[in-house]
Amino acid sequence: RAGQQSQTIVVDANKLLSWRAQKLVFNNESLQHIINELNRYFNISLSLGDPTLADKKIIAVIQLSDELAAVKTLEHIAQLRSEKTKDGIVFYPRQ
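Each chain carries its own residue numbering, running from 1 in the direction its sequence is written. Only residues with pLDDT of 70 or above have their local features reported here, since the model is predicted, and side-chain atom pairs are shown and tallied only from 80 upward, although totals for entire chains, interfaces and linings are computed over all residues. The side-chain figures draw on all heavy atoms in the structure; neither hydrogens nor water molecules are used.

**Some details on the overall build of the protein chain**
What counts, and what does not: Strands here are runs of E lasting at least two residues and helices are runs of H or I lasting at least four, both read from the DSSP assignment and numbered beginning at the N terminus. For every residue, the accessible area (1.4 Å probe, protein chains only) is compared with the maximum for its type, and the residue is labelled buried under 20%, exposed over 50%, or partly exposed between those bounds. Each accessible area is a Shrake-Rupley estimate made with a 1.4 Å probe; only the visible protein chains count as cover when residues are assessed.
The number of helices and strands found in the protein chain is three helices and five strands. Reading the secondary structure of the protein chain in the N-to-C direction produces α-β-α-β-β-α-β-β. Buried positions account for 32% of the 95 residues belonging to the protein chain. Of the accessible surface of the protein chain, which amounts to about 6,800 Å², a share of 48% is contributed by carbon and sulfur atoms.

Spelled out as structure tokens, the structure:
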């Protein structure tokens, strides 16, 4: 429209389309956001057993083709341990 300025939005096309390659790319994302995204793709429920972990920022590429490998990757990158429960997998800080 006349008199209005347009806004340009820059997107990372590789990140946006990474799910097509069966992987998700996270760049300085909160751990809670990553857990929420993984729960959209996995048949198991992932959760945080310690709420102080929610805002921890993570950089990771996580393969979606193998749930166990994804859990192990997240444990390694975020310095977590996991416990399997009747409801799914719960992450805690590594001690």
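After presenting the structure, the write-up continues.
**Examining the sheet that holds strand 2 (residues 46-48)**
Basically, it comes down to this: Between any two strands, pairing holds if DSSP finds at least two bridges. Working convention: axes come from line fits to C-alpha atoms, limited for helices to the stretch in contact. Angles between N-to-C directions cover 0 to 180 degrees.
The strand order across the open sheet formed by three strands is 2-5-4, and the pairing between neighbours is mixed. The open sheet has two edge strands with one neighbour each: strand 2 and strand 4 (80-85). Taking each pair of neighbouring strands and ignoring which way they run, the sheet shows an average axis angle of 30°. Judged from the three bridges that link them, strand 2 and strand 5 (residues 88-93) form a sheet pairing that is parallel.

**Here we look at unusual backbone geometry**
Its identity as a non-glycine residue notwithstanding, Asn28 has a phi of 60°, on the positive side. Along the chain, the position of Asn28 falls in strand 1 (residues 23-30). Its identity as a non-glycine residue notwithstanding, Gln79 has a phi of 55°, on the positive side. Mapped onto the elements, Gln79 comes out in the loop between helix 3 (67-78) and strand 4. Residue classification places Gln79 among the partly exposed positions, given a relative accessible area of 41%.

**Let's talk about the side chain of Ser30**
Convention followed: Each polar contact in these results corresponds to two N or O atoms within 3.5 Å; when the atoms are within protein, one needs to be able to donate a hydrogen and the other to accept it, and residues that are neighboring in sequence are counted only if both atoms are side-chain atoms. In what follows, a contact means two residues having at least one pair of non-hydrogen atoms within 4.5 Å.
Within the secondary structure, Ser30 sits in strand 1. From its side chain, Ser30 meets the backbone nitrogen of His33 in a polar contact 3.1 Å long. Sequence-distant contacts of Ser30, that is, excluding residues within four places in its chain, are made with Ala54, Asp55, Lys56 and Lys57.

**Here's the deal with helix 3**
Basically, it comes down to this: Here the expected span of a helix is defined as 1.5 Å times the quantity of residues minus one. For this quantity, the arc is that covered by the directions from the helix axis to the C-beta atoms.
The first and last C-alpha atoms of helix 3 sit 16 Å apart over twelve residues, in line with the 16 Å expected at 1.5 Å per residue. Buried residues of helix 3: Ala70, Val71, Leu74, Glu75 and Ala78, and no others. Around the axis of helix 3, the buried residues are gathered within 140° of arc, so they sit on the same side. Summarising the geometry of helix 3, the exposed residues directed more than 90 degrees from the buried face are Leu68 and His76. In this structure, the buried side of helix 3 is in contact with helix 2 (31-41), strand 2, strand 3 (57-63), strand 4 and strand 5. At the N-terminal end of helix 3, a side-chain oxygen is found 3.1 Å from the backbone nitrogen of Leu68, two or three residues along, and the residue is Asp66. In the stretch just after helix 3, Gln79 is the one whose phi turns positive, near 55°.

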